[in-house]
Amino acid sequence: MSNSLIIAGRDRTDKMYDWRQRLLAPSPTYRIGNRTIRFQTQFVWLLIVLGFVVLVFFYVKPSSSASKGSSSSYYESNYLSDSGNDGGTVSMQYNHTYPLSAPIVSNGIVNYKIAVIADMDTDSRIKASEEQWKSYLKHGFLSYNSRQDSVTVNWDTEDTVELTSFYSNKGRGMELSELIVFNGRLLTVDDRTGLVFEIIRDKMIPWVILADGDGTSSKAFKAEWATVKDEHLFVGSMGKEWTSSTGEFLSYDPMWVKRVSITGEIHHINWTNPYKALRKATGIDFPGYILHESGMWSHEMKKWMFLPRRCSKETYNDKVDEHKGCNLLIKADADFKKIEVVKIGEIKPTLGYSSFKFVPNTNDQVIVALKSEEVDGKTATYITVFRIDGKILLPDQKISATLKFEGLEFV
């Protein structure tokens, strides 16, 4: 057995010796005509490897014309552009267009196009179809006379636009609770599915999905308000503890806020302390509550502003909640350290704010807001305009005696 191992070892040694001999042997030469060509084996292999690397590089690298001109990507075609200063670096640009339509000025009166969107709750399901849900978009004009400090609102005589979608969660969908212009796009949020839609030519195009709480929940985020701050979309919920129908504490999930970039990247922010600070400023403590459905960031004043839907010093109760309307405007600095509360008119127990926007070109001093009413299954919507100091420019004006419009925007 030892002899066989010795023989095998010699065979391997001989083979290694032969390999080294071949490597060190002079390169083969060939004579073609009157010239001699000598092939360097190592050099040939090096050329082959380099050629392969070059081929792979050009195969993987996308051509500039393909990435700019022939791509069908929405973002590439709408938001990506060459800087022109650093060799063609591609950058993302925020679209600051607002409102989406230029106002019409006549005799000192500025006419802005506005739109409102409906949250029809369980009535959103199209009865003729088990797989489709609907909402309504209504257009009109807000006319502002700055010299007389007066406002009028008129609605288009045409029928409201019906918007439809096949997206739902547990048999419910298209319960649209806000309308917002972000990055030059008209967006709306569904408080049942957590979907943020873009409205394009009356079509509902889903953009991002918002999960409840810190973002790890399988439950959809109950989105109620939205605003733009630092070129990001902020989406908030009710801003109160999630409780049972009789007020028992369940979680803090509705007290989170979502910050969304123009590319759809979502950050989940715990707003439990800011919401509690807003509530405390009104003299309310848990188990009392404030229910938020409208909030805005003022770029002009660098302040958060909220018009709550409900305010109550009592424990939450589904039925009693219908009569806890609120008439407060809450202003807070960016850190929620300085908070001011302003009363707007008189309390109407069945009415509460569901959406508001700053009238353009007023330095965020004038607000147009929607008020919703839900009593015993019946709904109605009103619109009002006032200054942030509480002066009312347009008293509550009914928009609909049947539909509950919960989103408002200048379009």
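The structure contained in this document is the topic of the report that follows. (Residues numbered from 1 in each chain as written. Predicted model: local features only at pLDDT ≥ 70, side-chain atom pairs only at ≥ 80, totals over all residues. Heavy atoms only, no water.)

## Considering the overall build of the protein chain
Within the protein chain, the secondary structure is distributed over five helices and 30 strands. Here the protein chain holds 411 residues, and the buried ones make up 45% of them. Of the contacts made within the protein chain by residues no fewer than 6 positions apart, 55% connect residues no fewer than 24 positions apart. Within the structure as shown, the protein chain displays about 22,300 Å² of accessible surface, and the carbon and sulfur contribution to it stands at 53%. (Helix = DSSP H or I, 4+ residues; strand = E, 2+ residues; numbered from the N terminus. Buried < 20%, exposed > 50% of the residue type's maximum accessible area, 1.4 Å probe, protein only. Contact = heavy atoms within 4.5 Å. Areas by Shrake-Rupley, 256 points an atom, 1.4 Å probe, with all protein chains shown as cover.)

## So, the state of the cysteines
Such a bond, covalent and formed between the sulfur atoms of two cysteines, is termed a disulfide. If you walk through the whole model with that rule in mind, you get one disulfide. A sulfur-sulfur distance of 2.0 Å marks the disulfide that ties Cys 311 to Cys 326. When the S-S torsion is -75°, as for the bridge of Cys 311 with Cys 326, the disulfide is left-handed. Here the residue Cys 311 occupies a position in strand β23 (residues 310-312), and Cys 326 occupies one in the loop between β23 and β24 (328-333), the gap between them amounting to 15 residues. Taking relative accessible area as the criterion, Cys 326 reaches 7% and is therefore assigned buried. (Disulfide = S-S within 2.5 Å.)

## Quick notes on unusual backbone geometry
Cis peptide bonds are those with omega within 30 degrees of zero, and the linkage from Tyr 98 to Pro 99 qualifies with -10°. The residue after Phe 286, namely Pro 287, is reached through a cis peptide bond having omega 15°. On the secondary structure map, Pro 287 appears in the loop between α5 (272-281) and β20 (289-291). Phi at Met 174 takes a positive value of approximately 60°, unusual for a residue other than glycine. The residue Met 174 is located in the loop between β9 (161-165) and β10 (176-182) in this model.

## Here's the deal with the pattern of salt bridges
Following the criterion strictly, the structure yields 22 salt bridges and no others. Salt-bridge contacts for Lys 391 lead to Asp 149; the nearest nitrogen and oxygen are separated by 3.2 Å. Note that Lys 391 is positioned in the loop between β28 (378-387) and β29 (392-400) and Asp 149 in the loop between β7 (133-145) and β8 (150-155), a separation of 242 residues in sequence. A salt bridge links Glu 175 to Arg 192, with the nearest nitrogen and oxygen atoms 3.3 Å apart. With a gap of 17 residues between them, Glu 175 in the loop between β9 and β10 and Arg 192 in the loop between β11 (185-190) and β12 (195-200) connect regions that are remote in the sequence. We classify Glu 175 as buried; its relative accessible area is 1%. Overall, the relative accessible area of 32% leaves Arg 192 in the partly exposed class. Through salt bridges that share partners, Asp 121, Glu 293, Arg 309, Glu 374, Lys 404 and Glu 406 make up one connected network. (Salt bridge = Lys/Arg side-chain N within 4 Å of Asp/Glu carboxyl O.)

## What about the sheet that holds strand β13 (residues 203-209)?
Sheet strands pair by backbone hydrogen bonding; their relative direction is either parallel or antiparallel. Taken in spatial order, the four strands of this open sheet run β10-β11-β12-β13, and their pairing is antiparallel. The open sheet has two edge strands, β10 and β13, and neither has a second partner. Here the average twist between neighbouring strands, direction ignored, is 30°. Bridge count for β10 against β11 is six bridges, and the pairing is antiparallel. Counterpart to Leu 176 in the pairing with β11 is Asp 190. (Pairing = 2+ DSSP bridges. Axes fitted to C-alpha atoms, helices over the stretch in contact; angles between N-to-C directions.)

## Regarding a nonpolar patch on the surface
Together, Val 49, Phe 52 and Val 53 line one region of the surface with nonpolar side chains, adding up to about 300 Å² of accessible area. Structurally, Val 49 can be placed in helix α2 (residues 41-60). Using a relative accessible area of 48% as the deciding quantity, one classes Val 49 as partly exposed. (Patch = residues over 30% accessible without salt bridge, like charges linked within 9 Å, V, L, I, M, F, W, Y side chains within 5 Å.)

## A closer look at the sheet that holds β28
One open sheet holds the four strands; their spatial order is β26-β27-β28-β29, and the pairing between them is antiparallel. Across the chains shown, the open sheet's two edge strands, defined by having one partner strand only, are β26 (351-358) and β29. Neighbour to neighbour, the strand axes of the sheet diverge by 20° on average, direction disregarded. For β26 and strand β27 (residues 366-375), the ladder comprises seven bridges, and the chain directions are antiparallel.

## Describing the nonpolar core
Of all hydrophobic cores here, the largest spans 24 residues; its most connected members are Leu 142, Val 153, Val 368, Ile 383 and Val 385. Every element with two or more residues in this core is listed here: β6 (109-118), β7, β8, β27, β28, β29 and β30 (405-410). Considering each element in turn, this core owes the most residues, five residues, to β6. Aside from chain neighbours lying at most four places away, what touches Val 153 is Ile 114, Phe 141, Leu 142, Ile 383, Leu 394 and Gln 397. In this structure, Met 255, Ile 290, Trp 304 and Ile 330 belong to the second largest nonpolar core, which totals 18 residues. (Core = buried A, V, L, I, M, F, W, Y, C linked by side-chain atoms within 4.5 Å.)

## Re α5
Listing the buried residues of α5 in full gives Thr 272, Pro 274, Tyr 275, Leu 278 and Arg 279. Count one or two residues on from α5 and you reach Gly 283, which has phi positive near 85°.

## A closer look at the side chain of Ser 177
With respect to the helices and strands, the residue Ser 177 is situated in strand β10. A residue is classified by how much of its surface remains accessible, and Ser 177, at 0% relative accessible area, is buried. At 2.6 Å, the side chain of Ser 177 forms a polar contact with the backbone oxygen of Ala 223. (Polar contact = N/O pair within 3.5 Å; in protein donor to acceptor, adjacent residues only side chain to side chain.)

## What about the layout of surface pockets?
What the largest pocket holds in volume is close to 1,200 Å³. In terms of lining, the largest pocket is formed by 42 residues, of which the most central are Asp 121, Arg 172, Glu 175, Arg 192 and Lys 222. At the level of elements, β16 (242-243) and β28 are the ones that each hand at least two residues to the lining of the largest pocket. Across the lining of the largest pocket, the residue classes break down as nine nonpolar, ten polar and 23 charged. For the second largest pocket, the calculated volume is near 700 Å³. For the lining of the second largest pocket, the secondary-structure elements that each account for two or more residues are β10, β14 (225-229), β21 (295-298) and β26. For the lining of the second largest pocket, a count of residues per class yields eleven nonpolar, eleven polar and seven charged. (1 Å grid on protein atoms, 1.4 Å probe; cavity = no way out; pocket = protein on both sides within 12 Å on 5 of 7 lines; lining within 4 Å. Points joined across faces, edges and corners; volume = space filled by probe spheres on them. Nonpolar A, V, L, I, M, F, W, Y, C, P; charged D, E, K, R; others polar.)

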